[in-house]
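Architecture and fold: a report
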Amino acid sequence: MRDVAIIGVGLTPVGEHWDTSLRQMAADAAAKALQDAGNLRPEALYLGNAYGSTMSSQTQLAALVADNLGLDGIEALSVEAAEASGAAALRAGYLAVASGAVDIALVVGAEKMTDSIAATRIAARGVSLDADYEAAHGATLTALAAMLMRRYMYEYNLGLDAFEGFAINAHANGARSQHAMFRSPIKPGRYAQAPMVADPINLFDSAPDADGAAALVLTAGDRAADLVPVPVYIAGSAVATDTLALHDRADLLYLKAAAYSAQRAYAQAGITPTDVDLFELHDAFTVISALSLEASGFAERGEGWKLARDGDILLNGRLPISTFGGLKSRGNPAGAAGVYQAGEACLQLRGAAGDNQVAGAKVALVQNLGGLGSTAITHVLRG
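Residues numbered from 1 in each chain as written. Predicted model: local features only at pLDDT ≥ 70, side-chain atom pairs only at ≥ 80, totals over all residues. Heavy atoms only, no water.

So, the overall build of the protein
- In terms of helices and strands, the protein carries 14 helices and 11 strands.
- Its C-alpha atoms give the protein a radius of gyration of 19 Å, near enough to 21 Å, the size a compact globule of 383 residues would have.
- With the principal axes as the frame, the protein shows a C-alpha extent of 55 × 45 × 40 Å.
- Evaluated residue by residue, the protein yields a buried proportion of 62% over its 383 residues.
- By sequence separation, contacts in the protein at least 24 residues apart represent 77% of the contacts at least 6 residues apart.
- Carbon together with sulfur atoms contributes 49% to the accessible area of the protein, which is approximately 14300 Å² in total.
- The protein carries 27 positive and 40 negative side-chain charges, and their two centres are separated by 3 Å. (Helix = DSSP H or I, 4+ residues; strand = E, 2+ residues; numbered from the N terminus. Rg over C-alpha atoms; globule rule 2.2 N^0.38 Å. Buried < 20%, exposed > 50% of the residue type's maximum accessible area, 1.4 Å probe, protein only. Contact = heavy atoms within 4.5 Å. Areas by Shrake-Rupley, 256 points an atom, 1.4 Å probe, with all protein chains shown as cover. Lys, Arg positive; Asp, Glu negative; His and termini not counted. Charge placed at Lys NZ, Arg CZ, Asp CG, Glu CD.)

Describing the nonpolar core
- Counting residues in hydrophobic clusters, the biggest one holds 68 residues, and the most contacted among them are Tyr152, Leu293, Phe298 and Leu372.
- Secondary-structure elements contributing two or more residues to this core are α6 (141-156), α7 (164-174), β8 (232-241), α10 (256-269), α11 (286-295), α12 (304-309), β10 (363-370) and β11 (375-382).
- No other element matches the 8 residues that α6 contributes to this core.
- Core analysis: the second largest hydrophobic core is formed by 46 residues, Ala89, Ala105, Cys346 and Val366 among them. (Core = buried A, V, L, I, M, F, W, Y, C linked by side-chain atoms within 4.5 Å.)

Topic: the pattern of salt bridges
- Going through the model one piece at a time under the given rule, you end up with 16 salt bridges.
- Between Asp199 and Arg150 there is a salt bridge, with the nearest N and O atoms lying 3.1 Å from each other. With Asp199 in the loop between β5 (196-198) and β6 (201-202) and Arg150 in helix α6, this pair connects stretches of sequence that are 49 residues apart.
- When its relative accessible area of 54% is taken as the criterion, Asp199 is described as exposed.
- Where Lys306 meets Glu303, a salt bridge forms, and the shortest distance between an N and an O atom there is 3.7 Å.
- Residue Lys306 is classed as partly exposed on the basis of its relative accessible area of 27%.
- Three or more residues are tied together by salt bridges with common partners; here these are Glu83, Arg121, Arg125 and Asp209. (Salt bridge = Lys/Arg side-chain N within 4 Å of Asp/Glu carboxyl O.)

Describing unusual backbone geometry
- Cis geometry is found at the peptide bond from Asp199 to Pro200, where omega equals 10°.
- Its place among the elements puts Pro200 in the loop between β5 and β6.
- Despite not being glycine, Asn39 shows a phi value in the positive range, around 60°.
- Assessed through its relative accessible area of 59%, Asn39 is described here as exposed.

Quick word on the side chain of Glu83
- Looking at the secondary structure, you find Glu83 in the loop between β3 (75-79) and α4 (85-99).
- On the basis of relative accessibility, which here comes to 3%, the residue Glu83 falls in the buried class.
- At 2.3 Å, the side chain of Glu83 and the side chain of Arg125 are in polar contact.
- When residues no more than four places from it in sequence are discounted, the contact partners of Glu83 are Ala50, Tyr51, Arg125, Leu141, His282, Ala284, Asn332, Ala334, Asn368, Leu369, Gly370 and Gly371. (Polar contact = N/O pair within 3.5 Å; in protein donor to acceptor, adjacent residues only side chain to side chain.)

Comments concerning the sheet that holds strand β7 (residues 212-220)
- The strand order across the open sheet formed by 9 strands is β3-β2-β4-β7-β1-β8-β11-β10-β9, and the pairing between neighbours is mixed. With partners counted over all chains shown, the strands left at the sheet margins are β3 and β9 (278-280), one partner each. In this sheet, neighbouring strand axes are inclined to one another by 25° on average, regardless of whether the strands run parallel or antiparallel.
- Relative to β3, strand β2 (residues 44-48) is paired through 5 bridges, and the arrangement is parallel. Within the sheet, the bridge partner assigned to Ala44 lies in β3 and is Glu75.
- In the packing of α4 onto the sheet, contacts are made with β1 (4-11), β2, β3, β4 (104-111), β7, β8, β10 and β11, and the angle to β2 comes to roughly 160°.
- The sheet contacts of α10 involve β8, β10 and β11, and relative to β8 the element is tilted by about 145°. (Pairing = 2+ DSSP bridges. Axes fitted to C-alpha atoms, helices over the stretch in contact; angles between N-to-C directions.)

Overview of α6
- For α6, built from 16 residues, the straight-helix expectation of 22 Å at 1.5 Å per residue is met to within 8% by its first-to-last C-alpha distance of 23 Å.
- For α6, the set of buried residues is Leu141, Thr142, Leu144, Ala145, Ala146, Leu148, Met149, Tyr152 and Met153.
- Contacts from the buried residues of α6 go to α5 (118-125), α8 (190-193), β5, β6, α11 and α12.
- Where α6 ends, the next residue or the one after it, Asn157, has phi of about 55°, a positive value. (Expected span 1.5 Å × (residues − 1).)

Description of the packing of aromatic side chains
- Counted by the stated rule, this structure contains 3 aromatic pairs.
- Taking 5.3 Å as the distance between ring centres and 40° as the angle between the ring planes, the aromatic pair formed by Phe279 and Phe298 counts as tilted. Pair noted here: Phe279 is in strand β9 and Phe298 is in the loop between α11 and α12, with a separation of 19 residues, a long-range link.
- Residue classification places Phe279 among the buried positions, given a relative accessible area of 0%.
- For Phe298, a relative accessible area of 10% corresponds to the buried category. (Phe/Tyr/Trp six-rings, centres within 6.5 Å; stacked < 30°, edge-to-face > 60°.)

Have a look at this one:
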């Protein structure tokens, strides 16, 4: 297996892009990444998308985007793993380059979610749940996450304020980011006043649906330094799965897939959690942030929330997370989220994160989840 490096990053602003099509957003991000990599022509395109068939009435997105970019005849495949689709596309690109089958791979994550009203979006996103035993009974991602959060609070005797630090941190970082959807900090006291979405999840506990596209260019590690000044190397890449239905899990408060994928990525990279300088985690809900920190080895069971309380997750903390606002403040473009995470981590490792820079960042952990941890894809990136 060859070493693999990221040599191009293209991030477009996240938001409600009613005047831009899904294909155009994806093509814009891809064009930025290719320009960043020196305008190389990719041999293959791997596109992550979660809900194109239900929200945009479109499949074969990779071929559509390749056509829009004028990349006639190249290999182009779409990859789906619910909200982990972006990281799944990165995994596909990584394997293609590492195997030697492809020398230059273009990875794109794209999602268009805000053209539909809320009820339609909720129904469309239900396809990532267990259709027979969850979605058929009216369960939604947010409602199931609320059950997890309530159980976490019960098991560890916590109040809702235990999760406040995650939301405050995300919005503080998003306020500094040029591509974030919400760029206003949360003022003191506002978290406690936020309206409930699905008790106990309030408006500041849940990441907003958004439109967005991001892209990366990958090549073999031994040629990367000849192509760009500061390549970023993929030192670890791993995938693990768990049940879709929460009621099938032996331990509700243990994200098994997140733990397994993190452990495998650490082993591949030859590191431990203490070597990680920043963690781009899947903060679709604040409780998932706490559970991800625990599953990935940064906190004991029931203590992930303490990292937020104690300031450890801040940009100048022991383990900065959501450094550009995460899904919560940057916005959650579902199948594109994992590519945004990896692209933001690359900016950190390049020393090009501007006001969001984590000082001395050399190793980044990036973890993207599908559903409520049913699919977990973890990458270790090195500067």
